[in-house]
Amino acid sequence: MPIERWTTEQIRALAPDASSMASAQKLSGAAKWTATGLSDDVLWGLCQGSGKNPYQACIDLSEPAYRCSCPSRKFPCKHALGLLLLWSGTDVAEQTAPTWVDEWRESRAARAAKVSARRAAAADGPVDEAAARKRAEQRTGRITAGLAELDQWLLDQVGQGLAGAEQADNKAYQTMAARLVDAQAPTVAGAVRRLGDIPGVGAYWTDRLLGELAMVRLLVASHARIDELPDDLAATVRARIGVPVSTDEVLAGSPLRDHWQVLGQVDEAEDRLTVRRTWLRGVNSGRFALVLAFSAPGQALPADLVPGTVLDAELCWYPGGLPLRALVARRHGQVESMGSPAGATSVRVALAAWSAAVAADPWCERVPMLLADVVPSSDGHLVDSVGDALPLHPGDEDPWWLLAATGGQPVTVVGEYDPAGFRPLAAWPQDRYLTAVPGTDRFRPTPQLPPELVATALVGTKRRPDAQGSVTVDGHLLRCTGAAAHSDSPGTQAGGPTDPAAVLLETAAVALTYRRAGVTVAGGRAPVATAPEETRPVVPQAAVRRLHELLAGTRRDGNGIELPEDALADWLRYAAERGYRVPVELVPAVLDFGRPRNELRSVISAVAGQRGNWLATQRARWQYLLVEAENVPVVADPGLWGTGTREERLAHLHAVRHVDPAAGRDLLASTFDTEPPKDRAEFVAALATGLSLADEELLERALRDRRKEVRLNAAALLATLPESAWCGRMAQRALPCVRLEPDETGQDQLVVTPPTEADTDLRRDTTQTVPTDKAGLRSWLFEEVVAGTPLDDWTTAFGRPAEAVLQLPVADNWSSTLYQGLARAVLAQRNVAWAVALIDRLAGARKQELRSYHRHTIGELYGVLPPAELAKRIAHGLRHEPERAQHLVSMLPTPWSDEVADAMLVALDALGRHGDRHGWYIRNLCRQASGAMPVTYAEPVAALAKILATDHPDRGGGSNLTQLAADLTYRRNMYEELQ
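Residues numbered from 1 in each chain as written. Predicted model: local features only at pLDDT ≥ 70, side-chain atom pairs only at ≥ 80, totals over all residues. Heavy atoms only, no water.

Engineer: I'd like a description of the pairing of strand 13 (residues 411-418), backed by residues and values.
Structural biologist: Of all the eight residues making up strand 13, eight are buried; the element is thus mostly covered by neighbouring parts of the structure. Of the two faces of strand 13, both are covered, the one formed by Val-411, Val-413, Gly-415 and Tyr-417 as well as the one formed by Thr-412, Val-414, Glu-416 and Asp-418. In this sheet, strand 13 lies alongside strand 10 (residues 367-376) in antiparallel orientation, the contact comprising six bridges. Looking at the pairing, Val-367 lines up with Tyr-417 of strand 13. Hairpin connection of strand 13 to strand 14 (residues 421-427): two residues between the antiparallel strands. (Buried < 20%, exposed > 50% of the residue type's maximum accessible area, 1.4 Å probe, protein only. Helix = DSSP H or I, 4+ residues; strand = E, 2+ residues; numbered from the N terminus. Pairing = 2+ DSSP bridges.)

Engineer: Lay out the nonpolar core with the relevant residues and their values.
Structural biologist: Leu-822 and Leu-878 are the most contacted members of the largest nonpolar core, which has 97 residues in total. Residues within four places of Leu-822 in sequence aside, it is in contact with Val-786, Leu-791, Trp-794, Leu-806, Trp-834 and Leu-838. Counting 49 residues, the second-largest nonpolar core is a separate cluster that includes Trp-153, Val-216, Leu-504 and Ala-511. (Core = buried A, V, L, I, M, F, W, Y, C linked by side-chain atoms within 4.5 Å. Contact = heavy atoms within 4.5 Å.)

Engineer: Report on the sheet that holds strand 13, specifying residues and quantitative values.
Structural biologist: Judged by pairing direction, the sheet is antiparallel, and its six strands sit side by side in the order 12-11-10-13-14-15 without closing on themselves. Lying at the two open borders of the sheet, with one neighbouring strand each, are strand 12 (389-391) and strand 15 (434-435). Across two bridges, the pairing between strand 14 and strand 15 is antiparallel. Its bridge partner lying in strand 15, Ala-426 is registered against Thr-435.

Engineer: Any details on unusual backbone geometry? Residues and values, ideally.
Structural biologist: Excluding glycine, residues mostly carry a negative phi; peptide bonds, for their part, are mostly trans. Looking along the chain, the bond that leaves Phe-75 and enters Pro-76 is cis, with omega of -5°. Within the secondary structure, Pro-76 is located in the loop between strand 4 (65-68) and helix 3 (78-89). At the junction of Thr-894 and Pro-895, the peptide bond is cis and its omega measures out at -5° in the coordinates. Counting through the fold element by element, Pro-895 comes out in the loop between helix 35 (882-885) and helix 36 (898-912). One non-glycine residue, Asp-40, adopts positive backbone phi at about 55°. Its place among the elements puts Asp-40 in the loop between strand 1 (33-39) and strand 2 (42-47). The backbone of Tyr-204 shows a phi angle near 55°, a positive value even though the residue is not glycine. Among the structural elements, Tyr-204 can be located in the loop between helix 7 (186-195) and helix 8 (205-224).

Engineer: Quick rundown of the side chain of Glu-416? Include the residues and the values.
Structural biologist: Its location among the elements puts Glu-416 in strand 13. Accessibility expressed as a relative area gives 5% for Glu-416, which makes it buried. A polar contact of 2.7 Å, which involves the side chain of Glu-416, links it to the side chain of Trp-279. If sequence neighbours within four positions are ignored, Glu-416 has contacts with Val-266, Arg-277, Trp-279, Arg-366, Val-367, Gly-421, Phe-422, Arg-423 and Leu-425. (Polar contact = N/O pair within 3.5 Å; in protein donor to acceptor, adjacent residues only side chain to side chain.)

Engineer: Lay out the side chain of Gln-749 with the relevant residues and their values.
Structural biologist: By secondary structure assignment, the location of Gln-749 is in strand 19 (residues 748-752). Judged by relative accessible area, Gln-749 falls into the buried class, the value being 17%. When sequence neighbours within four positions are dropped, the list of residues in contact with Gln-749 reads Arg-739, Leu-740, Glu-741, Pro-742, Asp-743, Pro-809 and Ala-811.

Engineer: Which residues make up the pattern of salt bridges, and what are the values?
Structural biologist: Going through the model one piece at a time under the given rule, you end up with 46 salt bridges. As a salt-bridge pair, Arg-179 and Glu-149 come within 2.5 Å of each other at their nearest N and O atoms. Residue Arg-179 is found in helix 6 (residues 171-182), and its partner Glu-149 is found in helix 5 (residues 129-160); the two are separated by 30 residues along the sequence. Linking Arg-277 and Glu-416 is a salt bridge whose minimum nitrogen-to-oxygen distance equals 2.8 Å. One end of the pair, Arg-277, is in strand 6 (residues 273-282); the other, Glu-416, is in strand 13, and 139 residues separate them in sequence. Accessibility expressed as a relative area gives 4% for Arg-277, which makes it buried. (Salt bridge = Lys/Arg side-chain N within 4 Å of Asp/Glu carboxyl O.)

Engineer: Explain the sheet that holds strand 9 (residues 326-337) residue by residue, including any values.
Structural biologist: The five strands are arranged 7-6-5-8-9 in an open sheet whose pairing can be described as antiparallel. Looking at which strands have only one partner, the edges of the open sheet turn out to be strand 7 (288-295) and strand 9. When the angles between neighbouring strand axes are averaged without regard to direction, this sheet yields 35°. Pairing between strand 8 (residues 309-317) and strand 9: eight bridges, direction antiparallel. Its bridge partner lying in strand 9, Trp-317 is registered against Ala-326. (Axes fitted to C-alpha atoms, helices over the stretch in contact; angles between N-to-C directions.)

Engineer: So what's going on with the packing of aromatic side chains? Which residues, and what values?
Structural biologist: A complete count under the given rule lists twelve aromatic pairs for this structure. Judged by centre distance (5.6 Å) and plane angle (75°), the ring pair of Trp-6 and Trp-87 falls under edge-to-face. Residue Trp-6 is found in the segment before helix 1 (8-14), and its partner Trp-87 is found in helix 3; the two are separated by 81 residues along the sequence. Under the relative-accessibility criterion, Trp-6 is labelled buried at 2%. Ring plane angle 25° and centroid distance 4.3 Å describe the contact between Tyr-574 and Tyr-975, whose orientation is recorded as stacked. One end of the pair, Tyr-574, is in helix 16 (residues 567-577); the other, Tyr-975, is in helix 39 (residues 957-977), with 401 residues separating them in the sequence. The side chain of Arg-287 reaches across the aromatic face of Trp-317, ending 3.7 Å from its centre. (Phe/Tyr/Trp six-rings, centres within 6.5 Å; stacked < 30°, edge-to-face > 60°. Lys NZ or Arg CZ within 6 Å of the ring centre and 35° of its normal.)

Engineer: Please set out the packing of helix 34 (residues 867-880) against helix 36 residue by residue, giving values where relevant.
Structural biologist: The geometry of a pair of packed helices is captured by two quantities: the angle between their axes and the separation between those axes. Relative to each other, helix 34 and helix 36 sit at 15°, their axes nearing to 8 Å. Put simply, helix 34 runs roughly parallel to helix 36. For the crossing formed where helix 34 meets helix 36, the hand is left-handed. Of the residues in helix 36, those in contact with Ala-871, Lys-872, Ala-875, Leu-878 and Arg-879 of helix 34 are Glu-899, Val-900, Asp-902, Ala-903, Met-904, Val-906 and Ala-907. (Parallel < 35°, antiparallel > 145°, perpendicular 65-115°, else oblique. Left-handed = near helix turned anticlockwise from the far one by under 90°.)

Structural data, given as structure tokens:
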């Protein structure tokens with residue numbers, strides 16, 4: 001029977017860490033493997049690495065088990081994961097296995113036979129029952145003595161009061177824990193050690209400390225009566241104390257064969273170990289099982305249970321009142337993929353199971369829950385089909401991964417539930433297994449115990465010996481007749497039936513257990529509205545794997561070659577051009593990537609699809625997308641302008657202006673005077689979206705604002721409107737400052753008489769902060785008024801076109817200031833004729849005519865030119881002055897034309913032959929060409945790199961061009977995947 005291929009999510013769950021998965025993504029293409037094959041249940045392949053011989057990787061898919069000849073200590077390694085990804089995405093043909101695969105299979109079979117023989121021998125061999133009984137009695141005696149000391153220590157803590165615990169260190173807890181380790185009670189020792197981390201940490205720490213002390217005391221009291229307890233509960237007490245149960249003892253129990261659904265997996269650090277919890281559920285039995293695995297630092301965890309698959313196996317359970325932990329005793333057949341798991345229940349049934357679990361094991365920390373048809377709410381809950389809700393764990397309250405994957409549609413979710421809430425581990429949207437994205441570790445404690453108990457524990461029972469043995473919890477009176485009542489010690493002796501400390505701890509244990517077990521469903525929570533249907537197709541599967549690689553942020557591919565710097569942005573642009581969208585589960589990562597990149601927002605709006613725009617309406621950090629979205633209602637919430645946060649209101653204003661500029665202007669005008677100053681400044685800047693002369697009245701109103709930032713933003717916008725009254729006022733100030741007069745030879749020249757002071761009106765109209773240095777005030781004032789003057793007013797005033805005006809000499813060294821002011825006017829007004837004329841004039845200007853701090857602004861003039869004119873000028877510059885032109889290359893739209901690409905090859909060839917002094921220019925040009933040069937130039941660039949490396953090996957040009965050729969090849973492969 002052929003093995004059903006696993007999904008990418010199932011393979012991702014096997015990865016030991018994110019970096020291994022990211023590296024595996026790069027090895028998932030067929031080009032990385034010199035040979036692959038599938039022989040029965042074994043997948044094998046040869047991956048060419050950096051060494052002479054390829055790495056030998058193989059996977060037994062029936063368990064699974066892994067083997068690779070690479071030196072990695074991770075398990076499974078990136079080669080095994082990459083081979084699995086290759087198999088999951090393409091058909092790996094049936095091939096006869098090479099010798100090294102057969103040898104591995106034989107060695108595994110031999111090891112398994114030795115283990116079985118050893119276990120059989122141990123089961124059939126003689127047992128020294130007397131010696132075993134003596135060892136057990138000795139251990140029981142040490143445990144009993146250690147717990148007696150612990151009991152007295154617990155009573156002392158509550159008797160003296162917990163108030164002093166905040167100032168004391170945790171030395172007392174560590175000392176007591178060490179004594180328990182010596183007494184061979186390691187599990188309860190760990191619980192005592194963790195108590196020392198509670199005092200003074202977070203809210204309600206006294207409540208939490210008393211609750212944990214009470215539960216430890218309950219364990220101690222239960223052990224004192226262990227002979228009276230039912231066998232299952234007695235086994236639970238022994239396990240909580242730390243009495244070991246050997247593997248052979250567990251496997252000697254009655255096995256249960258079933259088809260076990262591997263539901264989810266989670267890794268957590270515990271003391272100095274990493275613990276992996278894997279949850280299974282039997283299809284026929286309906287029974288849950290927990291398989292634990294442990295690893296020390298630097299060691300790999302076993303990866304033999306694949307989430308999202310079904311395993312035909314026999315399981316044996318550890319004894320206990322709540323038997324969850326189990327061992328896989330024997331496997332049958334192959335591992336198979338599965339769709340949505342069987343046995344999912346409602347929230348109400350799942351909470352009833354939690355209550356039963358706490359009743360069976362009061363120290364129960366968590367239980368698995370498999371919930372059917374649940375949808376997240378907007379306030380951190382999962383709501384099922386009948387409206388019952390379950391709170392999510394702090395840190396998982398905003399499951400964006402689940403919202404993105406489901407779009408608000410009902411879905412089956414598996415997770416762990418503890419008193420803090422439900423933590424999702426996986427979901428099955430449209431029957432696809434999807435691993436949960438771990439939430440943040442938020443600490444949000446809530447009070448669990450009645451306040452009168454906490455108050456007594458805080459001051460100590462020696463000062464307040466009024467413990468009554470009864471307490472009211474959630475309106476119910478609870479009477480406690482626990483371990484103290486069974487003590488053989490009379491009177492008020494410590495631990496006796498009337499010892500206030502013992503009574504308080506027992507009462508707290510009963511109250512805490514009652515509160516945990518008595519949790520009920522939450523009502524009144526509405527699920528989020530569903531997302532609209534998608535209109536774009538999803539990218540091909542090969543492109544999805546590359547997108548995973550790029551989002552992981554890795555810098556090198558499987559051969560060690562650096563990836564292109566802007567490869568992810570390039571991928572997104574090309575996917576948008578081809579009409580694709582990204583898979584819904586990757587939308588949150590794409591939205592996060594685009595948040596600080598304004599130039600990509602329209603692209604991300606397209607590739608994120610309807611799901612991305614839907615998510616943006618629900619999360620403030622993604623609402624930037626609403627400005628670009630075409631199919632999202634502008635006013636999703638009519639009251640948002642009056643009630644939202646500043647970020648939400650700003651995104652709302654952008655969205656309204658994008659569709660209806662007049663409505664956005666009226667919205668801002670209605671509340672402008674009452675807005676906080678900082679908000680006013682940002683809202684005025686938002687008027688740039690859909691700006692027109694119709695906004696002039698509101699902008700003039702903003703010019704009179706007391707807040708400097710508001711005035712500056714308003715002036716900057718008015719400067720882009722040559723017909724505005726603001727530009728007219730600037731022209732009235734600037735034109736009289738520049739006169740056309742003959743020089744000594746009778747030739748026309750421009751004579752400048754700058755303003756001498758900034759009056760109130762000019763200060764109001766300025767787009768920059770007025771300098772305090774009087775020596776530079778005249779130059780600054782002149783530049784300001786020129787920058788605000790409509791450019792056509794100069795051609796009218798002098799009766800000449802722009803190029804003729806700029807050819808006039810400027811008297812008294814005022815040319816630099818004049819040109820800077822004109823350059824700013826060109827950038828604001830986007831006047832192409834003046835941009836061309838000014839670029840030509842400055843190209844021939846003497847260095848003394850220019851100031852270094854002006855060159856950046858002057859360089860921006862090229863951005864005003866039409867694309868064809870810009871490409872023509874830059875191509876000419878690359879051929880003749882590559883050192884100067886390289887600063888302008890970034891302004892070109894991508895991909896470059898062949899004219900520019902050919903000129904770039906000429907420039908790189910010339911620079912590469914002229915010594916090390918051009919090394920920086922070559923690196924910079926190659927970096928810019930990486931994301932812009934047509935991918936068809938990969939071979940010409942590689943050929944040039946080879947020539948430079950041969951003819952000039954000491955100048956570094958060849959290595960830079962080699963990297964450029966690799967980048968172009970990478971992009972070419974990327975584009976082919978998106979066809």
